[in-house]
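The chain contents come next:
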Amino acid sequence: MMRKRIPLSQREDYDVLAEFDGNEDTADDSAFLKDRGKVARSAGLTLVLMIVTAIAFALGVAWGASQDVNVAPGNAVWDLVIHIGFALGIGLLAAAAVAALVMLGIGIPYAWGKMSQTRARNSAPGRGG
């Protein structure tokens, strides 16, 4: 027996997050998106993050490849696989560490700015603050 498909118009909305208070983003970013200069600077920062992360990955792989990792000296294939895996793992760790540090450097001032906007909006006359 085949199941009957329920049309989309009759399906129930299963948005779990909609059940909780405060699920809407109160920050209005429309002014940011209209300012082409800010959008261009954000795109530039994203590009810089990508380049710095790629450089960190390459340097990590280069450092990992220069290390002497002899875990399986009797088997050349496993020794090669472990050596390549170690170099790639170090490269990924270096890239992740640099990306995390850069994102903290960008994200903390951004969050401070958003919090000050929210404080100013909430303390405006007529808001009860």
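You'll find the structure just up there.
To keep things clear, this report deals only with the structure shown in the data block. Just so it is clear, the model here is predicted, and its values are computed rather than measured.

Procedures and definitions
Residues numbered from 1 in each chain as written. Predicted model: local features only at pLDDT ≥ 70, side-chain atom pairs only at ≥ 80, totals over all residues. Heavy atoms only, no water. Helix = DSSP H or I, 4+ residues; strand = E, 2+ residues; numbered from the N terminus. Buried < 20%, exposed > 50% of the residue type's maximum accessible area, 1.4 Å probe, protein only. Contact = heavy atoms within 4.5 Å. Areas by Shrake-Rupley, 256 points an atom, 1.4 Å probe, with all protein chains shown as cover. Patch = residues over 30% accessible without salt bridge, like charges linked within 9 Å, V, L, I, M, F, W, Y side chains within 5 Å. Salt bridge = Lys/Arg side-chain N within 4 Å of Asp/Glu carboxyl O. Axes fitted to C-alpha atoms, helices over the stretch in contact; angles between N-to-C directions. Parallel < 35°, antiparallel > 145°, perpendicular 65-115°, else oblique. Left-handed = near helix turned anticlockwise from the far one by under 90°. Nonpolar A, V, L, I, M, F, W, Y, C, P; charged D, E, K, R; others polar. Polar contact = N/O pair within 3.5 Å; in protein donor to acceptor, adjacent residues only side chain to side chain. 1 Å grid on protein atoms, 1.4 Å probe; cavity = no way out; pocket = protein on both sides within 12 Å on 5 of 7 lines; lining within 4 Å. Points joined across faces, edges and corners; volume = space filled by probe spheres on them. Expected span 1.5 Å × (residues − 1).

1. Observations concerning the overall build of the protein chain
Here is step 1: Along its length, the protein chain carries three helices and zero strands.
Here is step 2: Reading the helices (α) and strands (β) of the protein chain from amino to carboxyl end gives α-α-α.
Here is step 3: Every one of the 129 residues in the protein chain was classed for burial, and the buried ones make up 9%.
Here is step 4: Sequence separation of at least 24 residues holds for 52% of the intrachain contacts in the protein chain that already meet a minimum separation of 6.
Here is step 5: Counting every atom, the protein chain has about 10800 Å² of accessible surface; 66% of that belongs to carbon and sulfur.

2. Topic: a nonpolar patch on the surface
Here is step 1: A surface patch of nonpolar side chains, amounting to about 510 Å² of accessible area, comprises Leu-47, Met-50, Ile-51, Ile-55 and Leu-59.
Here is step 2: Within the fold, Leu-59 resides in helix 2 (residues 36–66).

3. Examining the environment of Leu-80
Here is step 1: Within the fold, Leu-80 resides in helix 3 (residues 76–122).
Here is step 2: Residues Leu-80 and Val-69, spaced 11 residues apart in sequence, show a C-alpha to C-alpha distance of 9.3 Å.

4. Describing the packing of helix 2 against helix 3
Here is step 1: Orientation of helix 2 relative to helix 3, taken along the N-to-C sense of each, is 150°, at an axis distance of 7 Å. Relative to helix 3, the element helix 2 lies roughly antiparallel. The hand of the helix 2/helix 3 crossing is right-handed.
Here is step 2: Class assignment of the residues belonging to the contact of helix 2 with helix 3 gives a composition of 20 nonpolar, five polar and no charged.

5. Structural notes on the side chain of Thr-53
Here is step 1: Among the secondary structure elements, Thr-53 is positioned in helix 2.
Here is step 2: At a separation of 2.7 Å, a polar atom in the side chain of Thr-53 contacts the main-chain carbonyl oxygen of Leu-49.
Here is step 3: Setting aside anything within four residues of it in sequence, one finds Thr-53 in contact with Ala-95 and Ala-99.

6. So, the layout of surface pockets
Here is step 1: Considering only enclosed or pocket space, the largest pocket measures out at about 530 Å³ in volume.
Here is step 2: Around the largest pocket, the lining is made up of 18 residues, and of these Phe-32, Lys-38, Ser-42, Ile-106 and Tyr-110 lie nearest the centre.
Here is step 3: Every element with two or more residues in the lining of the largest pocket is listed here: helix 1 (30–34), helix 2 and helix 3.
Here is step 4: It is helix 3 that provides the largest number of residues to the lining of the largest pocket, a total of eight residues.
Here is step 5: A per-class count over the lining of the largest pocket returns eight nonpolar, five polar and five charged.

7. Notes on helix 2
Here is step 1: The end-to-end C-alpha distance of helix 2, which contains 31 residues, comes to 45 Å, matching closely the 45 Å that a straight helix rising 1.5 Å per residue would cover.
Here is step 2: Taken together, the buried positions of helix 2 are Leu-49, Thr-53, Ala-56, Gly-60 and Gly-64.
Here is step 3: Structurally, helix 2 contributes buried residues whose contacts are with helix 3.

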